[in-house]
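Residues per chain are reported as follows:
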Amino acid sequence: MKETAVSVLPVMAIVLFLGFTFVPLDKFLLARFVVGGLLLIVGLTIFLLGVDLGIQPIGERCGAELTKKRSLTLLLVVAFIIGFIVTAAEPDIQVFGDQVRGIFPVVNKLTITFVIAGGVGLFIMLGLLRTVLNLSIKWTFFLAYALLFLISFFAPGSFLGIAFDSGGATTGPMTVPFIMALGLGVSSVRDDNDNSFGLTGVCSIGPVMAVLIYAIILRTGGTLGENQIIEQAGSNLSNVESAVITSGFFSQIFSPFNHAAGHVFREALISIAPLFALFIIFQIVLLKMTKRQVIRIVIGFIYAFIGLTIFLIGVNGGFSQAGAALGEKLGSLAVSRGGVWYLLLIGTGLALGAIIVCAEPAVWVLSEQVEHVSGGTIKRKVLLIFLSVGTAIAIGLSMWRAVAGFNLKYILIPGYAIAMLLMIFCPSLFSGIAFDSGGVASGPLTSTFVLSFTLGAAASGKGGNDSFGVIALVAMMPLLAIQIMGIIFKMKQRKVKPVEVADEL
């Protein structure tokens, strides 16, 4: 509770300060924002407890047991099924499909959902195959991204942001802990810490590549033009300002949460049900855990479900709406007045990016696993600092792009090229952590509050018609930040070792 409160409360402080001073917001909107923030803290606390009790142990046990069977075919087939089912059921993917269809009416929601799920399934297979065969994590990422950017040159430019955002949308609060634990379970059998991370990073490439290929097929078939984008600036903000409710004060504050509870409960249930079904199947045919272990994991699932439901109610009931309203007003002032307002918009993006990533559920899971696997040599706080800096720069760039409207390729291509270059000097363990961090940083809070904030700013600037790409930037910057951290860590180790040798002599 203390750790999650420290992560969320600074975000609330920034929004409330701006909402009461420079950018006055509706008092009911701010009240709902406070209630939403408190629900976030409670929900995130319960969810992380559930992950520790239920989700992580299953993933690690499944990975370890499947590897012990010494059947590579069985491991890869099960991995594909897990990736496909869990991704197809992910609530973020359903929302993402609706957003894409709003921009490109020719896109079929069910088809793009299956395309993304298939991409994740195939690349989970690739990631686990790399771990089992002990292939280089650096060469895996280098070849995969080289192929990815080669494909991107043949895809419609208007689909680039959508494709890269799909990689972030797949890394939901339920899938990421399970996928990371699965990779740790497989690598634990091999007793190889350098191969413990990277599976989530590999999985994030799959949907991007699959969506780009899907876009090429659509264009080849003549159903998708290069510039076929629907003018919809501001349409995503239709629910930003709440409707006037004629009943009392408390009703105006709590009605949106009651309205959100129904569909959020359903989304959380759909999100957790496939994993629970897989747990039952694995328990019968593979794991055969004791009654006490099963009860502990079932309790973990219950905690995770309750926590995720409370978390999402807080996000959808009031937290993200305040972000959209704040972004819209700041963006409008930056465009109309420029100068200090432009700096305030970008500065707010930097501050929110630095703080909000620490409130992502999967970030906490990753940081705990990194500290555990490294035996405490890689401190969680240091990892969070570098991750915060990377995410802050990403959101700052998103704010700049929202009002300036420049092409996403101008950032993505140089950014990934630098990430590939850094891999030459960075330890393999840190490269794996970096690419995993790119996936976990773009979680439910980033894809709701930050995306809403950016869409609000984009509606007033030149980026209004090309709102996709925010998640792509958030997923890219940790690749640079964490690998720079790895290089610094490597340099410090080289300085320490000669001193230790001298002491021994």
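Residues numbered from 1 in each chain as written. Predicted model: local features only at pLDDT ≥ 70, side-chain atom pairs only at ≥ 80, totals over all residues. Heavy atoms only, no water.

**Describing the overall build of the chain**
The test is simple: Helix numbers and strand numbers start at the N terminus; a helix is a DSSP run of H or I with at least 4 residues, a strand a run of E with at least 2. A 1.4 Å probe rolled over the protein chains alone gives each residue an accessible area, and that area as a share of the maximum for its type sets the label: buried under 20%, exposed over 50%, partly exposed in between. Any two residues whose heavy atoms approach within 4.5 Å at even a single point are treated as in contact. Every accessible area reported is derived by Shrake-Rupley at a probe size of 1.4 Å, with residue values counting cover from the shown protein chains alone.
The helix and strand tally for the chain stands at 18 helices and 0 strands. Considering the chain as a whole, with its 505 residues, one finds that 57% of them fall into the buried category. Intrachain contacts of the chain at a sequence separation of at least 6 include 87% that bridge at least 24 residues. Put simply, the chain shows about 20300 Å² of open surface, and 68% of that area lies on carbon and sulfur atoms.

**A closer look at a nonpolar patch on the surface**
Selection rule: Only residues whose relative accessible area exceeds 30% and that take part in no salt bridge are eligible for patches, with like-charged residues grouped when within 9 Å of each other and nonpolar side chains (Val, Leu, Ile, Met, Phe, Trp, Tyr) grouped when within 5 Å. The term salt bridge refers to a side-chain nitrogen of Lys or Arg lying within 4 Å of a carboxyl oxygen of Asp or Glu.
A surface patch of nonpolar side chains, amounting to about 510 Å² of accessible area, comprises Leu 147, Leu 150, Phe 153, Phe 154 and Ile 413. Tracing the chain through its elements places Phe 154 in the loop between α6 (137–152) and α7 (160–169).

**Re the packing of helix α5 (residues 109–133) against helix α9 (residues 199–220)**
Inclusion rule: As a rule, the C-alpha atoms of each element are fitted with a line to give its axis, helices using only the stretch in contact, and angles between N-to-C directions run from 0 to 180 degrees. With respect to orientation, any angle under 35 degrees is reported as roughly parallel, any angle over 145 as roughly antiparallel, any angle of 65 to 115 as roughly perpendicular, and every other angle as oblique. Take the far helix as the reference: if the near one is turned anticlockwise from it by less than a right angle, the crossing is left-handed, and if turned clockwise, right-handed.
At a minimum axis separation of 7 Å, α5 and α9 run at an interaxial angle of 140°. As far as their axial angle goes, α9 and α5 are oblique. Crossing of α5 over α9 shows right-handed handedness. Listed contacts from α9 to Thr 111, Ile 112, Val 115, Ile 116, Gly 119, Val 120, Phe 123, Ile 124, Leu 126, Gly 127 and Leu 128 of α5 are Leu 199, Val 202, Cys 203, Ile 205, Gly 206, Pro 207, Met 209, Ala 210, Val 211 and Tyr 214.

**Side note on the packing of α6 against α9**
The cut-off we apply is this: Classes in brief: Ala, Val, Leu, Ile, Met, Phe, Trp, Tyr, Cys and Pro nonpolar; Asp, Glu, Lys and Arg charged; the others, Gly included, polar.
It is the contact of α6 with α9, at a shortest axis distance of 10 Å, that shows an interaxial angle of 20°. By the angle between their axes, α6 is roughly parallel relative to α9. Considering the relative orientation of α6 and α9, their crossing is left-handed. Only Gly 201, Val 202, Ile 205, Val 208, Met 209, Leu 212, Ile 213 and Ile 216 of α9 make contact with α6, whose side of the interface consists of Thr 140, Phe 141, Ala 144, Tyr 145, Leu 147, Leu 148, Ile 151 and Ser 152. Split into classes, the residues belonging to the contact of α6 with α9 amount to 13 nonpolar, 3 polar and no charged.

**Regarding the packing of aromatic side chains**
Here is the rule we go by: Two rings from Phe, Tyr or Trp (for Trp, the six-membered ring) form a pair when their centres are within 6.5 Å of each other. A pair whose planes differ by under 30 degrees is stacked, one over 60 is edge-to-face, and the rest are tilted.
Applying the stated criterion across every chain, the model contains 18 aromatic pairs. Look at Phe 33 and Phe 319: their rings are 4.7 Å apart centre to centre, the planes differ by 15°, and that puts the pair in the stacked class. Here Phe 33 is found in helix α2 (residues 27–68), whereas its partner Phe 319 is found in helix α11 (residues 291–337), with 286 residues between them in sequence. By the burial criterion, Phe 33 is buried, and Phe 319 matches it. Each member of the aromatic cluster is reached from another via a ring pair, and the members are Phe 141, Tyr 145, Phe 149, Phe 164, Tyr 416 and Phe 435.

**A word on the pattern of salt bridges**
Counted according to the given criterion, the structure contains 2 salt bridges. When the shortest N-O distance is used, the salt bridge between Lys 68 and Glu 65 registers 3.9 Å. Residue Lys 68 and its partner Glu 65 are located together in helix α2, separated by 3 residues, close to a single helical turn. Taking the relative accessible area as the measure of exposure, Glu 65 reaches 25% and is therefore partly exposed. The partner of Arg 380 in a salt bridge is Glu 368, and the shortest N-O contact between them spans 2.9 Å. Here Arg 380, found in helix α14 (residues 380–404), pairs with Glu 368, found in helix α13 (residues 361–373); they are 12 residues apart in sequence, far enough to count as distant. Of the residues examined, Arg 380 reaches a relative accessible area of 12% and is grouped as buried.

**Concerning the nonpolar core**
Soluble globular proteins tend to bury their nonpolar side chains together. Quick reminder of the rule: Throughout, nonpolar core names a set of buried Ala, Val, Leu, Ile, Met, Phe, Trp, Tyr and Cys residues whose side chains join them through atoms within 4.5 Å.
Ranked by size, the top nonpolar core spans 159 residues in total, and within it Tyr 145, Phe 164, Phe 319, Leu 412 and Phe 449 carry the most contacts. A per-element tally of this core places α11 first, with 16 residues. Excluding anything up to four places from it in sequence, Phe 164 contacts Leu 148, Phe 149, Val 208, Leu 412, Tyr 416 and Ala 472.

**Some points on the side chain of Ser 367**
Its place among the elements puts Ser 367 in helix α13. Contacts of Ser 367, omitting those with residues within four sequence positions, involve Arg 380, Leu 383 and Leu 384.

**Considerations on helix α16 (residues 428–441)**
Basically, it comes down to this: In this scheme, a helix's expected span is set at 1.5 Å multiplied by one less than its residue total.
Helix length check: α16, at 14 residues, gives a terminal C-alpha distance of 20 Å against a target of 20 Å (1.5 Å per residue), a fit within 8%. The element α16 is largely enclosed, with a buried count of 13 among its 14 residues.

**Topic: the confidence of the model for the chain**
Note that predicted coordinates carrying low pLDDT should not be read in detail. This is how it is decided: Each residue carries a pLDDT score, the predictor's own confidence in it, on a scale running from 0 to 100.
In this model, the chain carries a mean pLDDT of 83, and residues with pLDDT of at least 70 account for 87%. Segment residues 226–247 is flagged for pLDDT under 50; beyond a separation of four residues in sequence, or across chains, it makes 44 contacts in the model.

**Quick look at the environment of Phe 279**
Here Phe 279 lies in helix α10 (residues 249–287). A relative accessible area of 3% places Phe 279 in the buried class. Sequence-wise, Phe 279 and Ile 58 are 221 residues apart; in three dimensions their C-alpha atoms are separated by 7.1 Å.

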